[in-house]
Amino acid sequence: MQNLRLLSCVMGLLLAPVLSVRAQNESPLNLVQKIVMPRVKGRLDHFGVDLKGRRLFVAALGEDQNTIEVIDLKSGKWISSIAGQSKPQGVFYSPTFNKLFVANGTDGTCKIFSGDTFKLVDTLPLGTDADHVGYDATTKILYVGFGDAKSGGLALIDTRSDKHIGDIKTDARAGGIKIEKSRPRTFVTLTGAANIGVVDLKQREQIAVWPTGVNSNVALALDEIHHRLFDGVRNPASLLVLDTESGKQVSQLEGVAGIDDLWYDAAHRRVYASGGRGFEVGFVYTYQQKDADHYELTGKVPTAPGAGTSFWSPELNRLYVAAPSNDKEGAAILVFEPQN
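Residues numbered from 1 in each chain as written. Predicted model: local features only at pLDDT ≥ 70, side-chain atom pairs only at ≥ 80, totals over all residues. Heavy atoms only, no water.

1. As for the overall build of the chain
Item 1. Looking only at helices and strands, one finds one helix and 28 strands in the chain.
Item 2. Its C-alpha radius of gyration of 21 Å places the chain within 12% of the 20 Å reference for a compact globule of 340 residues.
Item 3. For the chain, the spread of C-alpha atoms along the three principal axes comes to 80 × 45 × 30 Å.
Item 4. Restricting to contacts in the chain with at least 6 residues of sequence separation, those with at least 24 account for 40%.
Item 5. Only carbon and sulfur atoms are counted for the fraction: they give 52% of the accessible area of the chain, which is about 15,500 Å².
Item 6. In the chain, which carries 37 positive and 38 negative side-chain charges, the distance between the mean positions of the two groups comes to 4 Å. (Helix = DSSP H or I, 4+ residues; strand = E, 2+ residues; numbered from the N terminus. Rg over C-alpha atoms; globule rule 2.2 N^0.38 Å. Contact = heavy atoms within 4.5 Å. Areas by Shrake-Rupley, 256 points an atom, 1.4 Å probe, with all protein chains shown as cover. Lys, Arg positive; Asp, Glu negative; His and termini not counted. Charge placed at Lys NZ, Arg CZ, Asp CG, Glu CD.)

What follows is the structure, given as structure tokens:
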């Protein structure tokens, strides 16, 4: 009996690495890199990317931080910090004009920086708590959500002239901005409302609201080919799937706690939901799209404490997750590669 126990123990030790490798290979996402950001404190928010220059930008909005952190993706290292922010949130880099646009919540502005020197070019007053951004590559207009639970809008910034050229009124602060390519329409979350807003960008007006039954819709992702809109709900934690032709809900699944960002990976037909703000452990939940109406939760990939925001780059085939500093580790960007 003792020999059998010894043999079992030895076999267990021999098989452990194999099982570990197998488990890692079976995960929908594989952690391939961790990029440390020295001396960065507090919460991290949204990302922007410079594909040609291989640079990643992330908003660091801690009270003692208020910076945009710059990562060189070629070397996998932090390279710079852009100060002078006021609760930076939404970030967009224009490759056409080599400029960085940052929505700042405290002073309600969009600050524009040179993409080479990171010097401030201009500051555009927008409105209360400027936050999420969405870019229309056809018109070169950047949309910035602002407002509160009582009223809000989308500020229109012409990235060619760096001018604030108008606003579109919405029922509440607009977030999660997802713009369709096939027609001039965008979908937005509405702070504190149990609805998703639908905005006509040509008419420049909110044209519909789609009831969701919950008032904590915080993140959206779009599958335009299959006419599906994904809604990340914080309370109760869930993922809703809506038909973009009718606004009707077609599916509902378990969601990640403390969700901040949501992405659709068309190449792998997956949805990535990152969450963890306020929690001891963060996760990326992965969902496999069987068809337009059927989805399966296929993975709960651990990230880091408090890691909520993320950025999916289909061009680089990478998911970047912002991991804030804690008592044990400094701030970092976790880089995941999808596994087939």
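The rest of the description comes next.
2. With respect to the packing of aromatic side chains
Item 1. Evaluated as defined, the whole model comprises 11 aromatic pairs.
Item 2. Three or more aromatic residues joined by ring pairs form one cluster here, namely Phe 47, Trp 263 and Phe 311.
Item 3. The residue whose ring lies beneath Lys 178 is Trp 263, and the NZ or CZ to ring-centre distance is 5.4 Å. (Phe/Tyr/Trp six-rings, centres within 6.5 Å; stacked < 30°, edge-to-face > 60°. Lys NZ or Arg CZ within 6 Å of the ring centre and 35° of its normal.)

3. Details of the nonpolar core
Item 1. Counting 31 residues, the largest nonpolar core has Met 37, Phe 47, Leu 56, Leu 319, Tyr 320 and Ile 333 as the members making the most contacts within it.
Item 2. Sorting the residues of this core by element identifies strand S1 (29-36), strand S2 (44-50), strand S3 (55-60), strand S26 (310-313), strand S27 (318-323) and strand S28 (332-338) as the ones contributing at least two each.
Item 3. The element best represented in this core is S27, accounting for five residues.
Item 4. For Tyr 320, the residues in contact, after removing those within four places along its chain, are Phe 47, Leu 56, Leu 73, Thr 309, Ser 310, Phe 311, Ser 313, Ile 333, Leu 334 and Val 335.
Item 5. Core analysis: the next-biggest nonpolar cluster, separate from the first, contains 16 residues, Ala 221, Val 256, Val 271 and Ala 273 among them. (Core = buried A, V, L, I, M, F, W, Y, C linked by side-chain atoms within 4.5 Å. Buried < 20%, exposed > 50% of the residue type's maximum accessible area, 1.4 Å probe, protein only.)

4. Here we look at the sheet that holds strand S21 (residues 249-254)
Item 1. Spatially, four strands are ordered S18-S19-S20-S21 in an open sheet, and the strand pairing comes out antiparallel. Two strands in the sheet have a free side with no partner beyond their single neighbour: strand S18 (217-223) and S21. Taking the axes of each pair of neighbouring strands and ignoring which way they run, one obtains an average angle of 20° across the sheet. (Pairing = 2+ DSSP bridges. Axes fitted to C-alpha atoms, helices over the stretch in contact; angles between N-to-C directions.)

5. Quick word on the environment of His 294
Item 1. With respect to the helices and strands, the residue His 294 is situated in strand S25 (residues 294-302).
Item 2. Sequence separation between His 294 and Ser 251 is 43 residues, and the spatial gap between their C-alpha atoms is 7.1 Å.
Item 3. Contact partners of His 294, with chain neighbours within four places excluded, come to Gln 288 and Gln 289.
Item 4. In terms of polar contacts, His 294 uses its side chain to reach the side chain of Asp 291, at 2.8 Å. (Polar contact = N/O pair within 3.5 Å; in protein donor to acceptor, adjacent residues only side chain to side chain.)

6. Looking at the pairing of S28
Item 1. Of all seven residues in S28, six are buried; the element is thus mostly enclosed.
Item 2. Sheet analysis places S1 next to S28, joined by seven bridges and oriented antiparallel. Bridge pairing in S28 links Gln 33 to Val 335.

7. Regarding unusual backbone geometry
Item 1. Along the chain, Asn 235 connects to Pro 236 via a cis peptide bond; the corresponding omega equals 0°.
Item 2. The topology assignment puts Pro 236 in the loop between strand S19 (228-233) and strand S20 (238-243).
Item 3. One non-glycine residue, Asn 66, adopts positive backbone phi at about 50°.
Item 4. Within the fold, Asn 66 resides in the loop between S3 and strand S4 (67-72).
Item 5. Even without a glycine there, the phi angle at Phe 118 is positive, about 65°.
Item 6. Structurally, Phe 118 can be placed in the loop between strand S8 (109-114) and strand S9 (120-125).
Item 7. On the basis of relative accessible area, Phe 118 is assigned to the buried category, the value being 16%.

Treat this as a map of the structure, not an account of what it does.
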